[in-house]
Amino acid sequence: MLTRKRKILLGNLFFWGIVLLVSTYYYLINVESYIFYNPSKVSEVKLKYKWWLVAHFVPAATTLFLGPLQFIPYIRNRFLKFHRISGKIYIIGSLISAVTVYVLLVTTYSLPGAIPSLALLATIWIFTTIMAYVSIRKSNVKAHKEFMIRSYVCGLAFVFIRLLPEVDYFTGIFSFIEDDTMRYTVYEWICWVYPLMITEFFLSWRPQLKKLLKTSRK
């Protein structure tokens, strides 16, 4: 019979395994055209700035694929050296990928209404990633963990933005937005604002609420 600790470990591995599979799927089908040069799938404007796109997508792989490994307690506790080295690679890759967003927004991006969204996302991604590094350097493990979660959620917008059209296709939840440009602009905002708000609820608001309710009972 499985112990509670064993069930938690298996649940953890199953959850992050699904996240990795979904991330890998969307990464491969969206990046191969740039890395392996497939003009039939890429616009002329994007081909012109191909290497900026590669500089964005390749480091982003560290966020998508190393991020989950940072949050699995078994790996973090049993393989501390790996956790530290992969964490540093994650931070460097995330920062490079986030910085290149600014270049891509002014050169290849064709959705004007979403430019402020992605510029803000890149800024928050950079800030949370730097703060994760600063926190652990100051031995504040709790703050480090929370900022790493925020940083990873920012990077995971790459997956969320590609999931939203799929969700809309099966549910019709965004069908009231008839204009395609407006709908995709909404996707660009929702893909990171909602996940980050949910993250903040669990990291900041929920603990404060529990503390407040506990105090009011005294």
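Throughout what follows, the structure given in this document is the object of discussion. (Residues numbered from 1 in each chain as written. Predicted model: local features only at pLDDT ≥ 70, side-chain atom pairs only at ≥ 80, totals over all residues. Heavy atoms only, no water.)

1. Examining the overall build of the protein chain
The line we're drawing: Strands are runs of DSSP state E lasting at least two residues, helices are runs of H or I lasting at least four, and both sets are numbered from the N terminus onward. We call a residue buried when its accessible area falls under 20% of the maximum for its residue type, exposed when it is over 50%, and partly exposed in between, using a 1.4 Å probe and counting protein chains only.
What the protein chain contains, in helices and strands, is nine helices and zero strands. Put simply, the protein chain runs from its N terminus to its C terminus through helices and strands in the order α-α-α-α-α-α-α-α-α. In terms of overall dimensions, the protein chain has a C-alpha envelope of 60 × 40 × 40 Å along the principal axes. Here the protein chain, with 218 residues, has 40% of them falling under the buried criterion.

2. Looking at the nonpolar core
Applicable threshold: What we call a nonpolar core is a set of buried Ala, Val, Leu, Ile, Met, Phe, Trp, Tyr and Cys residues that are connected through their side-chain atoms within 4.5 Å. Only heavy atoms enter the contact rule, under which two residues are in contact if any of them lie within 4.5 Å.
Core analysis: the biggest nonpolar cluster contains 25 residues, and Trp16, Tyr27, Phe57, Leu64, Tyr152, Phe158 and Val159 have the highest contact counts within it. Those elements that provide at least two residues to this core are helix H1 (4-35), helix H3 (50-70), helix H5 (80-107), helix H7 (141-155) and helix H8 (157-171). Counting residues per element, this core draws most heavily on H3, which supplies six residues. Once residues within four sequence positions are removed from consideration, Tyr152 is found in contact with Trp16, Val19, Thr63, Leu64, Gly67, Pro68, Phe71 and Tyr90. Membership of the second largest hydrophobic core comes to 20 residues, among which are Leu105, Ile126, Ile161 and Cys191.

3. So, the side chain of Arg183
Along the chain, the position of Arg183 falls in helix H9 (residues 180-216). Owing to a relative accessible area of 13%, Arg183 belongs among the buried residues under this scheme. Residues in contact with Arg183, not counting those within four places in the same chain, are Asp168, Phe174, Ile177 and Glu178.

4. Comments concerning the pattern of salt bridges
Let me state the cut-off plainly: The salt bridge definition used is simple: a Lys or Arg side-chain nitrogen within 4 Å of an Asp or Glu carboxyl oxygen.
Evaluated as defined, the whole model comprises three salt bridges. As a salt-bridge pair, Glu146 and Lys142 come within 2.8 Å of each other at their nearest N and O atoms. In this pair, Glu146 and Lys142 are both assigned in helix H7, four residues apart and thus about one turn of the helix distant. Residues Glu200 and Arg150 are paired through a salt bridge, measuring 2.4 Å at the closest nitrogen-oxygen approach. With Glu200 in helix H9 and Arg150 in helix H7, this residue pair connects regions lying 50 residues apart in the sequence. Across the pair, exposure class does not vary: Glu200 and Arg150 are buried alike.

5. Topic: unusual backbone geometry
Although it is not a glycine, Ser139 sits at a positive phi angle of roughly 65°. Along the chain, Ser139 falls in the loop between helix H6 (115-137) and H7. Under the relative-accessibility criterion, Ser139 is labelled exposed at 61%.

6. Observations concerning a nonpolar patch on the surface
Quick reminder of the rule: Excluding any residue in a salt bridge, patches collect residues exceeding 30% relative accessible area, merging like charges within 9 Å and nonpolar Val, Leu, Ile, Met, Phe, Trp and Tyr side chains within 5 Å. Computed with a 1.4 Å probe, the accessible areas rest on the Shrake-Rupley method; for each residue, only the protein chains presented here act as cover.
A contiguous nonpolar surface patch, about 660 Å² in accessible area, is contributed by Tyr194, Met197, Ile198, Phe201, Phe202 and Trp205. In this fold, Ile198 is placed in helix H9.

7. Here's the deal with H8
Put simply, the rule reads: By this rule the span expected of a helix is its residue count minus one, scaled by 1.5 Å. Two axes enter the bend calculation: one fitted to the seven residues ending at the residue in question, the other to the seven starting there, and the bend is the angle between them.
Between its terminal C-alpha atoms H8 stretches 20 Å, which fits the 21 Å expected from 15 residues at 1.5 Å a residue. In the structure, H8 departs most strongly from a straight axis at Leu163, where the bend amounts to approximately 25° and where the proline Pro165 lies between one and four residues downstream. Looking at H8, one finds that the buried residues are Ala157, Phe158, Val159, Ile161, Leu164 and Asp168. With its phi angle positive at about 70°, Gly172 sits one or two positions after the end of H8.

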